[in-house]
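Close look at the chain arrangement
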Amino acid sequence: MYVLSIANAKRVGYLDEALAYYLIDRPGNTMTAKTEAKIRDTIKIWHSIYNQLINGFELNQIETYIYFLYYEMKIILITESQLPSMSKYHTEILKIMRIMQRYNKILAKYVNNKVVPYNTNSMTGRLIFKGFMNKATYKWVERLYVKLERKREA
C-alpha cells in the first residue's frame, strides 16, 4: 500500500540505493505468480486503493494515482493473459474498466505522453486506451488486449 503512503505524505524523498532485495523466483512470490489467486488479490488491492483515494482526497490531488490504477488494471489483464483461459474474475475486471472510464479525461493526459514508464504514445497504445475508455467497445478491446498479450508472451 505504498501508493497510499505516498498520497498521504507531506513530502516524499528519493534514495538512489536499494533498501530491499526481492527474490523474484521465490516459490509463492505473487510478483511472478500466474494464477487466479493473483488476479483475485490484485483486484482486492485495486478496490482498496481506489476507495481510499476517492474518499480521502480531492480529485485534483490524486490524478497521478488514477493513472497508477489504470496501469494496475492493465497488469491484471496481463496476468489474465498468462492463464490458459479467462479467469473467474473476468466480470470484476470489466467492472474496474467501467470505473476507469469515469476518468477518461484525466487518463488521457498520461496515456498520450512519452514519459517512461508511461510511454503508451504508440498508435497501438492510443487505440487500446480509446477502446478501453469506450462504453461500446471496452469488452471487445479487453479480449483483444488479452489475446495480444498472449501472443507477445509466446
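Please read all numbers here as calculations on a predicted model, not as lab measurements.

A word on the environment of Arg-40. Note on placement: Arg-40 falls in helix α2 (residues 36-56). For the pair Arg-40 and Ile-93, spaced 53 residues apart in sequence, the C-alpha separation works out to 9.7 Å.

Let's shift gears to the environment of Ile-106. Relative to the helices and strands, Ile-106 is located in helix α5 (residues 104-111). Sequence-wise, Ile-106 and Glu-63 are 43 residues apart; in three dimensions their C-alpha atoms are separated by 6.5 Å. Residues within four places of Ile-106 in sequence aside, it is in contact with Leu-59, Glu-63 and Ile-66.

We now examine the packing of helix α4 (residues 90-101) against helix α7 (residues 138-153). As a packed pair, α4 and α7 sit with axes 11 Å apart at the nearest point and diverge in direction by 120°. Taken as axis vectors, α4 and α7 run oblique relative to one another. When you trace α4 past α7, the crossing you get is right-handed. Where α4 abuts α7, its residues His-90, Leu-94, Met-97, Arg-98 and Gln-101 lie against Tyr-138, Lys-139 and Glu-142. Looking at the contact of α4 with α7 residue by residue, the class counts come to 3 nonpolar, 2 polar and 3 charged.

Residues spaced three or four apart along an α-helix face the same direction, because each turn holds 3.6 residues. Here α7 contains 16 residues, and its C-alpha end-to-end distance of 22 Å stays within 8% of the 22 Å for a straight helix at 1.5 Å per residue. Among all positions of α7, only Tyr-138, Val-141, Glu-142, Tyr-145, Val-146 and Glu-149 are buried. Within α7, the buried residues cover an arc of 140° as seen down the axis, which keeps them to one side. For α7, the exposed residues lying more than 90 degrees away from the buried face are Trp-140, Lys-147 and Lys-151. At its buried positions, α7 is contacted by α3 (63-81), α4 and α6 (123-133).

Taken together, the side chains of Arg-98, Arg-102, Lys-135, Lys-139, Arg-143, Lys-147 and Lys-151 make up a positively charged region of the molecular surface. In terms of residue count, α7 provides more of the positive patch than any other element does, 4 residues in total. For Lys-135, the position within the fold is in the loop between α6 and α7. Owing to a relative accessible area of 60%, Lys-135 belongs among the exposed residues under this scheme.

Rules used throughout
Residues numbered from 1 in each chain as written. Predicted model: local features only at pLDDT ≥ 70, side-chain atom pairs only at ≥ 80, totals over all residues. Heavy atoms only, no water. Helix = DSSP H or I, 4+ residues; strand = E, 2+ residues; numbered from the N terminus. Contact = heavy atoms within 4.5 Å. Axes fitted to C-alpha atoms, helices over the stretch in contact; angles between N-to-C directions. Parallel < 35°, antiparallel > 145°, perpendicular 65-115°, else oblique. Left-handed = near helix turned anticlockwise from the far one by under 90°. Nonpolar A, V, L, I, M, F, W, Y, C, P; charged D, E, K, R; others polar. Expected span 1.5 Å × (residues − 1). Buried < 20%, exposed > 50% of the residue type's maximum accessible area, 1.4 Å probe, protein only. Arc of directions from axis to C-beta. Patch = residues over 30% accessible without salt bridge, like charges linked within 9 Å, V, L, I, M, F, W, Y side chains within 5 Å. Areas by Shrake-Rupley, 256 points an atom, 1.4 Å probe, with all protein chains shown as cover. Salt bridge = Lys/Arg side-chain N within 4 Å of Asp/Glu carboxyl O. Lys, Arg positive; Asp, Glu negative; His and termini not counted. Charge placed at Lys NZ, Arg CZ, Asp CG, Glu CD.

Without other data, these values stay purely geometric and don't point to any function.
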